Amino acid sequence: MERREFLKKSGVLLAGTACACALPLLPAAAKSINVDSENTAGKKWGMVIDLNKCAKDCNACLDACRKENNVAMHGDKRWDIHLIRKVTLKRKHPAESPEISVPLLCNHCERPPCAQACPVKATYKREDGIVIVDHHRCIGCRYCMISCPYNARFFNYRENHEWPNKDNTRSSHGVPESCNFCAHRLDKGKKPACVEACEEINAKALIFGDLNDPGSDVSKVIAGNHVRGIREDFGTKPKVLYIGL
Amino acid sequence: METDFETIEGKSTQFSVLLAILAVLALAGLYATYRMYVEGIYLSGMTNRIPWGLQVILAVFYIGLSAGSLVISSLYAIFGKKEYKPFARISVFLAFLFLVAALLSIISDWGRPDRIFEPFYHLNPLSMLSINPFLYNVYMLICLVYLWAMFKEKEKLVKIIAPIAVIWAIGVHSGTGAIFGFVPRELYQSALLPPSFIAAALSSGTALMILVLLLLFKVTRRPLDENLVVRLGKLLAIFIVIVMYFVFVENAYRLYMPVSHEAGMYFLFGGFHSWVFWGGLIILGSIVPAVILFNPATVKRIPWIVVSCVLVVFGVLCERYIIVIPGQTHAPDLFPNMVVVSSALAEGYVSYSISFYEVLQALGVVGIIGFAFVLGLKLFKMMPTEAKVLKESDSVKSPSEEKELEKQTVAS
Amino acid sequence: MAAQNNNMEFIIMIITAVILLIPLGYGVVSLASSNDTQPFIEKPDEKYDKCVRDTEYMRLNHMDLLKEIRDDAMRRGKRGEITLNDCRKCHTSRERFCDKCHNVVNAQLDCYGCHYFPK
Ligand code: SF4
Ligand code: SF4
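Student: Mind laying out the overall build of chain A, listing which residues take part and the relevant values?
Tutor: When helices and strands are tallied, chain A shows seven helices and 10 strands. Across the 245 residues that make up chain A, the buried fraction comes to 56%. Across chain A, contacts joining residues at least 24 apart in sequence account for 59% of those joining residues at least 6 apart. As presented, chain A carries roughly 10800 Å² of accessible surface, and 54% of it is formed by carbon and sulfur atoms.

Student: Could you give me a rundown of the overall build of chain C, with the residues and numbers involved?
Tutor: When helices and strands are counted, chain C shows four helices and zero strands. In sequence order, the secondary structure elements of chain C are arranged as α-α-α-α. Across chain C, contacts joining residues at least 24 apart in sequence account for 65% of those joining residues at least 6 apart.

Student: How would you summarise the site of ligand 2 if you had to cite specific residues and measurements?
Tutor: Surrounding ligand 2, one finds 13 residues, the nearest of these being A:Cys118, A:Thr123, A:Cys138, A:Cys141 and A:Cys144. Across the shell around ligand 2, the residue classes tally to 10 nonpolar, two polar and one charged.

Student: Tell me about the domain arrangement of chain C, residues and numbers included.
Tutor: Each assigned domain of chain C is listed with its residue range as follows: domain 1 (1–32) and domain 2 (55–113). Using only C-alpha atoms to locate each centre, domain 1 of chain C and domain 2 of chain C end up separated by 36 Å.

Student: Let's hear about the site of ligand 1: which residues, and what values?
Tutor: For ligand 1, the full set of nearby residues is A:Cys106, A:Asn107, A:His108, A:Cys109, A:Pro113, A:Cys114, A:Val131, A:Cys148, A:Tyr150, A:Ala152 and A:Arg153. For the shell around ligand 1, the class distribution of residues is eight nonpolar, two polar and one charged.

Student: Can you explain the side chain of B:Thr298? Please cite residues and give values.
Tutor: Residue and element names in this part refer to chain B. As for its placement among the helices and strands, Thr298 is situated in the loop between helix H10 (272–294) and helix H11 (302–324). Overall, Thr298 belongs to the buried group, its relative accessible area being 13%. When near neighbours in sequence (up to four residues on either side) are disregarded, Thr298 contacts Val291, Ile292 and Trp304.

Student: Now, about the nonpolar core: what can you tell me, with residues and values included?
Tutor: If you look at the biggest cluster of nonpolar residues, it comprises 148 residues, and the most contacted ones within it are A:Tyr143, B:Tyr146 and B:Phe180. When neighbours within four sequence positions are excluded, B:Tyr146 is seen to be in contact with B:Leu70, B:Ser73, B:Ser74, B:Ala77, B:Val92, B:Val158, B:Ile161, B:Ala162 and B:Ala165. Judged by nonpolar contacts, the second largest core, of 45 residues, contains A:Cys61, A:Leu62, A:Ile84 and A:Leu186.

Student: Tell me what's going on with a nonpolar patch on the surface, and back it up with residues and numbers.
Tutor: Among the surface-exposed residues, C:Phe10, C:Ile11, C:Ile14, C:Ile15, C:Val18, C:Ile19, C:Ile22 and C:Tyr26 lie close enough to one another that they form a single nonpolar patch of about 790 Å² accessible area. Structurally, C:Phe10 is set in helix H1 (residues 2–33).

Student: Any details on helix H4 (residues 94–105) of chain C? Residues and values, ideally.
Tutor: Residue and element names in this part refer to chain C. An ideal rise of 1.5 Å per residue puts 16 Å on 12 residues; H4 measures up with 16 Å between its terminal C-alpha atoms. Residues Arg94, Phe97, Cys98, Asp99, Cys101 and Val104 constitute the buried set of H4. With a side-chain oxygen positioned 3.1 Å from the backbone nitrogen of Glu95, the residue opening H4 is Ser93. Of the residues one or two after H4, Asn106 is the one with positive phi, at around 60°.

Student: Tell me about the sheet that holds strand S2 (residues 338–343) of chain B, residues and numbers included.
Tutor: The strand order across the open sheet built from three strands is S3(A)-S2(A)-S2(B), with neighbouring strands paired in antiparallel fashion. Pairing within the sheet leaves two strands with one partner each, and these edge strands are strand S3 (99–105) of chain A together with S2 of chain B. Averaged over all pairs of adjacent strands, the angle between strand axes in this sheet comes to 40°, irrespective of strand direction. One ladder, built from five bridges, connects strand S2 (residues 84–91) of chain A with S2(B); its direction is antiparallel. Note on S2(B): the bridge partner recorded for A:Arg91 is B:Met338.

Student: Describe the interface of chain B and chain A, with residues and values.
Tutor: Each side of the interface is counted separately: chain B has 60 residues, and chain A has 60 residues. Both faces considered, chain B and chain A share a buried interface measuring about 5300 Å² in area, 59% of it formed by carbon and sulfur atoms. Counting across the chain B and chain A interface gives two salt bridges. Elements that contribute at least two residues to the side of chain B that touches chain A include exactly helix H1 (13–39), helix H4 (118–121), helix H5 (128–151), helix H6 (155–181) and S2 of chain B.

Student: Break down the environment of B:Arg35 for me, with residues and values.
Tutor: Residue and element names in this part refer to chain B. Checked against the element boundaries, Arg35 lands in helix H1. Separated by 32 residues in the primary sequence, Arg35 and Ala67 place their C-alpha atoms 32 Å from one another. Residues in contact with Arg35, not counting those within four places in the same chain, are Gly40, Leu43 and Tyr357.

Student: Tell me about the packing of aromatic side chains, residues and numbers included.
Tutor: By the definition in use, this model includes 24 aromatic pairs over all chains. Relative to B:Trp168, the ring of B:Phe134 lies with its centre 6.4 Å away and its plane at 70°, an arrangement referred to as edge-to-face. Here B:Phe134, found in helix H5, pairs with B:Trp168, found in helix H6; they are 34 residues apart in sequence, far enough to count as distant. Taken together, the ring pairs connect A:Tyr143, B:Trp52, B:Phe180, B:Tyr188 and B:Phe197 into an aromatic cluster. Sitting over the ring of A:Tyr124, C:Arg75 keeps its end group 3.9 Å from the ring centre.

Student: Quick one: what's the story with the environment of B:Ser204, residue by residue and with numbers?
Tutor: For B:Ser204, the position within the fold is in helix H7 (residues 193–219). The spacing of B:Ser204 and B:Val312 is 108 residues in sequence and 6.1 Å in space, taken between C-alpha atoms.

Parameters and conventions
- Residues numbered from 1 in each chain as written.
- Chains lettered and ligands numbered in written order.
- Predicted model: local features only at pLDDT ≥ 70, side-chain atom pairs only at ≥ 80, totals over all residues.
- Heavy atoms only, no water.
- Helix = DSSP H or I, 4+ residues; strand = E, 2+ residues; numbered from the N terminus.
- Buried < 20%, exposed > 50% of the residue type's maximum accessible area, 1.4 Å probe, protein only.
- Contact = heavy atoms within 4.5 Å.
- Areas by Shrake-Rupley, 256 points an atom, 1.4 Å probe, with all protein chains shown as cover.
- Near = heavy atom within 4 Å.
- Nonpolar A, V, L, I, M, F, W, Y, C, P; charged D, E, K, R; others polar.
- Domains from an automatic or database assignment.
- Core = buried A, V, L, I, M, F, W, Y, C linked by side-chain atoms within 4.5 Å.
- Patch = residues over 30% accessible without salt bridge, like charges linked within 9 Å, V, L, I, M, F, W, Y side chains within 5 Å.
- Salt bridge = Lys/Arg side-chain N within 4 Å of Asp/Glu carboxyl O.
- Expected span 1.5 Å × (residues − 1).
- Polar contact = N/O pair within 3.5 Å; in protein donor to acceptor, adjacent residues only side chain to side chain.
- Pairing = 2+ DSSP bridges.
- Axes fitted to C-alpha atoms, helices over the stretch in contact; angles between N-to-C directions.
- Buried area = accessible area lost by both parts, 1.4 Å probe.
- Phe/Tyr/Trp six-rings, centres within 6.5 Å; stacked < 30°, edge-to-face > 60°.
- Lys NZ or Arg CZ within 6 Å of the ring centre and 35° of its normal.

Structure, rendered in structure tokens:
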């Protein structure tokens, strides 16, 4: 066989494969099935964490989150997943300042670098400001983890074997996770699990609500206190704000 | 001089053994990737703090090599330096293969390699990681057309494509630099990364090209004019200086600016990566080869050039390591006036160790492209019969070449 | 030498073609070799009253429906009366209601790595 012919034929083969691969690209009929509960319209979810009310040895929000979202604990610091985690901090000056305990979670940045980075739009910002990972689409490239300056993203390095809340999903390995403000609960009109847990023990350190609504709890707290996000100088405009940081 | 090209013979036992070894490597890589796909990529050395490891380092390294190879061929096509024509085909072929290697490395690193077509359905045009594959794929296409044009001896087409290919290569490397430069991390964020990527790419690519050529001509016992290699070596010396310049500017800036001073100190003196930086990139990868190549006594000797080329390639590999890894091991200072007492996540500086499975994957990629390269040499007329500096009367054929020709006729 | 070369090219072309056609061949062979040609009919459990769509539609297009509610929930924040969790109230077993057909037509599901559905 001639070399030219060979090249031609392999070219045809390749082109054929490309066409076959492109078939699913044909647009599916666009129609919406669920039309109720427009929970995203006009909202901007945000959270204020009052560190003065957050007890150092309380883990209610963490436990609630693990139970609600089936978060994997492998018992190894390298791979454990913490959608919300607590760090204990101490001021550098003065030296004997008391230790404070700070819950850290995804800040749901108004300008999320993680969503900018994701090559397939698996991480994206919903209309109501929640930054969320679509596990159906994610290819597991971990560029979002590289891009998040807050270490708020975690990767499912291993298979998760626990499944306490069967009504919610758990993550299979190969995709990253971060807090999504319990979007599945918000869409049904409930509050995030951690906020509910914090209210249940009457600590009320986590205040959650709609930042666009001046009458919401969270807006009132912001109006009456000095709040700030973590490292606002990154320019990401976090929507998780702290009192007493 | 008209350069003749031919295929290599590839009938000896060594040739088959080489192919077999490469195939085994490729299979080992496939096995490791499969294990990771089934069990999760915890088998690699990556952690929640270090989500990018060896595969990304190597991908970036391969992309750099690819550009350098292309430059050699452009020397002939753009600047009309006929004496480099013998290398043109091989170098474009290598450029293509290195890009394949880069893409293979990246894909084998994904958590869900089964979703390989997702990026085609849903593209995020703002993501550096989707702009780049676009650049890579077009680059591969350009390489193929370029190669085809050279096989067909379509001089005009070659002249048109060569500049396009070089410009596109510059885009590819700027884009690759931007993957890291455009990320809000203390040690990544930098507008200087794209150009310094180009410089590093040129130096490593040229060095590797020299090595490959010397090796090929030696193994297949073809005559190669040493002066050509010496010229390439001098070119390499210039590239090394440019790389050093970029490294210097970047670190001087980091150290000087109060905001990144601490990160700069960590980068230069903060742990294992600092050894890689000083020992690997600065001393072995830049100063030693620069001294060798600028010294008129040593630059004329092929063994010295080989040594410096090996060092340069090694140095650029080290450079890739210190681009990718320290940016992650360095902890973002989330609470500037507090100290972290305890946390469930490793919040401070962390370290990265390469795991066995990652090495297998990397070897697999080497196996795949090595296999393709050797097979390509056998199938397509890429090896020049000889290469020498022009001006001499070059119609006289060397005896060894005549022997080669004889062998061919006998075989057919 | 030349003849040798041509042979080589031909072999490589065949290999390429085979590799590209493996998925198709796999599907055809596994469909042909399955003797379960009518695996589909299975009545849901007693609770079953009426499905969200008629049977014919569900048989052919349930995946479109699922994808639609998936995108609604994930992307538009609309979680309405149809959810995968509700499906499992009547279709109580994934072996009986999903895997049977999916095995025959060789369509691999990866829903259940993340969504709960009893075996
Ligand atoms: S905190 Fe990190 S993961 Fe969350 S939105 Fe911001 S950049 Fe993204
Ligand atoms: S790991 Fe997934 S979510 Fe993150 S950037 Fe890659 S595709 Fe997007």
